[in-house]
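# Close look at the chain arrangement
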Amino acid sequence: TLCNDVAWAREELKNNSTNPTQLGVTTQKLQSAWDKALKFTLDAQVKIDGTLTGWAQQYDPTATTPTPAGGRAYELPSVSSGESLSVVNVLTNIKNPTPEIKTAVESYVSWINTVGFTGYEVKNISDRTRELGKDRLLVYTGKTSKLFGRFYALDTTGEMYNLDLTGKFTQSKFYEIFSGRDGV
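Throughout what follows, the structure given in this document is the object of discussion. Every value quoted in this text rests on a predicted model; they were computed, and no experiment measured them.

## Considering the overall build of the protein chain
Each helix and strand counted, the protein chain has four helices and six strands in total. Mapped in sequence order, the helices and strands of the protein chain form the string α-α-β-β-β-α-α-β-β-β. Per-residue burial over the protein chain gives 30% buried out of 184 residues. Looking at the protein chain alone, contacts between residues at least 24 apart form 51% of all its contacts between residues at least 6 apart. Accessible surface, the protein chain: about 12,200 Å² in total, of which carbon and sulfur atoms supply 51%.

## A closer look at a nonpolar patch on the surface
On the surface, a nonpolar cluster with roughly 380 Å² of combined accessible area is contributed by Tyr120, Val122, Leu138 and Tyr140. Those elements that place two or more of their residues in the nonpolar patch are β4 (120–126) and β5 (134–140). In this structure, Tyr120 sits in strand β4. Given a relative accessible area of 32%, Tyr120 falls into the partly exposed group.

## A closer look at the packing of aromatic side chains
One pass over the full model with this rule turns up six aromatic pairs. Judged by centre distance (6.2 Å) and plane angle (50°), the ring pair of Tyr108 and Trp111 falls under tilted. In this pair, Tyr108 and Trp111 are both assigned in helix α4 (residues 99–112), three residues apart and thus about one turn of the helix distant. Residue class for Tyr108 comes out buried when judged on its relative accessible area of 7%. Overall, Trp111 belongs to the buried group, its relative accessible area being 10%. Judged by centre distance (5.5 Å) and plane angle (85°), the rings of Trp111 and Tyr152 are edge-to-face. Residue Trp111 is found in helix α4, and its partner Tyr152 is found in strand β6 (residues 151–152); the two are separated by 41 residues along the sequence. Members of the aromatic cluster, connected to one another through ring pairs, are Trp55, Tyr108, Trp111 and Tyr152.

## A look at the environment of Arg136
Along the chain, the position of Arg136 falls in strand β5. Spatially, the C-alpha atoms of Arg136 and Val122 are 6.5 Å apart, while their sequence positions differ by 14 residues. When neighbours within four sequence positions are excluded, Arg136 is seen to be in contact with Val122, Lys123 and Asn124.

What counts and how
Residues numbered from 1 in each chain as written. Predicted model: local features only at pLDDT ≥ 70, side-chain atom pairs only at ≥ 80, totals over all residues. Heavy atoms only, no water. Helix = DSSP H or I, 4+ residues; strand = E, 2+ residues; numbered from the N terminus. Buried < 20%, exposed > 50% of the residue type's maximum accessible area, 1.4 Å probe, protein only. Contact = heavy atoms within 4.5 Å. Areas by Shrake-Rupley, 256 points an atom, 1.4 Å probe, with all protein chains shown as cover. Patch = residues over 30% accessible without salt bridge, like charges linked within 9 Å, V, L, I, M, F, W, Y side chains within 5 Å. Salt bridge = Lys/Arg side-chain N within 4 Å of Asp/Glu carboxyl O. Phe/Tyr/Trp six-rings, centres within 6.5 Å; stacked < 30°, edge-to-face > 60°.

Below you can see the structure in the form of structure tokens.
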């Protein structure tokens, strides 16, 4: 995410013996970039039915406000658990967070506690019929640790995606990616 990039740059400048002003970087420019990235990040938190959730994997660059966008054919506009965790890791490391930052983090925690599932484990297996000779299976093991889907719907009905989700929308609120990634 942009916040990760700016946080990395700030850390590099702090630890590097090279004078950043030789590169045209000033404290003011870096602070301005950070402020813009943070504003975008807070504005980009996905709201579903009036509730703040997590963040999308990618956003529409032509939209006037942060709007989740699809990527590859199997990447529907959605909330992404992995990217959301990365954003929250940045936000929780901000000293003296504003009320907006606290709300963003608390909303994410509240949302992430409502999704995911237990009782299963991901198993890697050999499969000579697959292109790379391997596959991953979701196997019921009874484990109590929580697993999360990569993408979570922006709605709970599938209408937003013009999909017939009969038997495909799981109770843990994620869309399964089927073999071949050729459709939902």
